[in-house]
Amino acid sequence: MARRAAAGGGTGRSRGTGTGTGAAKVRAARRPELRLPPLTPYEDGGLEPDGDYDALEFRETDLSGQDAAGARFMDCALTGCALDGASLPRARLLDSVLTGVRGVGTDLAEATLRDVELHDARLGGTQLHGAVLERVLVRGGKIDYLNLRRSRLKDVVFEGCVLVEPDFGGARLERVAFVDCALRQADLSAAVLTDVDLRGAAPLELSRGVDRLSGAVISPPQLLDLAPVLAAELGVRVVGEEE
């Protein structure tokens, strides 16, 4: 089993959310730190629903269209794998590292990701609605149209990646950090945020749910950038004196 070292905060030391004495602090996300055991190369026989995959290395494996609903992957490494149309609803990915995976329409609805690192992924339309993510690091790469509706994220760090139109509608985010990450047209409608650090998101663009930012921390420049959206949400008209 992979050994996970006790991790420090995902964004370093907690910093104040404002100026002045007594400014609120944001609790930092815990990152996974994995040390995989010796791995056995996966022999391509096709994935199976409810299958168990322990301490395996999937390297440049084409998993497109495979059906692995309810499967468990533990202490595994997936490197350069194709995941187009892969069906993995209710799958469990535990103590595993995914590097350079790519694919469109991967179904991970209601899956569990715990102590997982995802590096340099190129994904589109990934379905993670109703999923549980705990101690997950997403570093590098680009993910388009990520569906995280009604999911639960705890101790999750998005670092150095690009998220295009991610959907967090109805999701619960606790100790989630965006570090040097582009967040474009994110949907936060009906989401619940606790200790969510958005200061490292550039740009920070919200298509919906600006009213759900309670529980998040942003920087002063981000506040200025969000001013038009906030004004629209409050029904405030901003008109120059000469007008």
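Please read all numbers here as calculations on a predicted model, not as lab measurements.

So, how was this worked out
Residues numbered from 1 in each chain as written. Predicted model: local features only at pLDDT ≥ 70, side-chain atom pairs only at ≥ 80, totals over all residues. Heavy atoms only, no water. Helix = DSSP H or I, 4+ residues; strand = E, 2+ residues; numbered from the N terminus. Contact = heavy atoms within 4.5 Å. Core = buried A, V, L, I, M, F, W, Y, C linked by side-chain atoms within 4.5 Å. Buried < 20%, exposed > 50% of the residue type's maximum accessible area, 1.4 Å probe, protein only. pLDDT = per-residue confidence, 0-100. Salt bridge = Lys/Arg side-chain N within 4 Å of Asp/Glu carboxyl O.

Novice: I would appreciate a short explanation of the environment of glycine 141 in the present structure.
Specialist: For glycine 141, the location among the structural elements is in strand 11 (residues 132-144). With 18 residues separating them along the chain, glycine 141 and leucine 123 place their C-alpha atoms 8.4 Å apart. With near-sequence residues (within four places) excluded, glycine 141 lies in contact with Asp120, Ala121, Gly160, Cys161 and Val162.

Novice: What's the story with the side chain of histidine 119 in this structure? I'm lost.
Specialist: Positionally, histidine 119 belongs in strand 10 (residues 112-124). Filtering out sequence-adjacent residues up to four positions away, histidine 119 remains in contact with Val97, Leu98, Thr99, Gly100, Leu137 and Arg139.

Novice: In this structure, what is going on with the nonpolar core? I would like to understand it.
Specialist: Soluble globular proteins tend to bury their nonpolar side chains together. The biggest cluster of nonpolar side chains holds 58 residues, and the ones touching the most others in it are Tyr53, Phe58, Phe73, Val101, Leu153, Phe158 and Phe178. The dominant element in this core, judged by the number of residues it contributes, is strand 10, at five residues. When near neighbours in sequence (up to four residues on either side) are disregarded, valine 101 contacts Leu78, Gly80, Cys81, Leu83, Leu118, Asp120, Ala121, Arg122 and Leu123. Within the second largest apolar cluster, five residues are counted, among which are Ala29, Val157, Ala177 and Val179.

Novice: Got a minute to help me understand the confidence of the model for the chain in this structure?
Specialist: In low-pLDDT segments, the atomic positions of the prediction should not be examined closely. Averaged over all residues, the pLDDT of the chain is 90; the fraction at 70 or higher stands at 89%. Below pLDDT 50 for its whole length, residues 3-23 participates in 45 contacts with residues either more than four positions away or in separate chains.

Novice: Would you mind going over the pattern of salt bridges with me for this structure?
Specialist: Opposite charge on two side chains lets them pair, provided their charged atoms get close. Enumeration over the complete set of coordinates arrives at 16 salt bridges. In this structure, glutamate 174 and arginine 27 form a salt bridge, with 3.3 Å as the shortest nitrogen-oxygen distance. Within this pair, whereas glutamate 174 is found in strand 14 (residues 172-179), its partner arginine 27 is found in the loop between strand 1 (3-4) and strand 2 (34-35), the two being separated by 147 residues in sequence. Under the relative-accessibility criterion, arginine 27 is labelled partly exposed at 41%. Aspartate 167 is paired through a salt bridge with arginine 149; the nearest N and O atoms lie 3.0 Å apart. Of this pair, aspartate 167 sits in the loop between strand 13 (162-164) and strand 14 while arginine 149 sits in the loop between strand 11 and strand 12 (152-159), and the two are 18 residues apart along the sequence. The class of aspartate 167 is buried, set by a relative accessible area of 19%. Here arginine 149 falls in the partly exposed class, since its relative accessible area comes to 29%. One salt-bridge network, held together by shared partners, links Arg27, Asp155, Glu174, Arg175 and Asp195.

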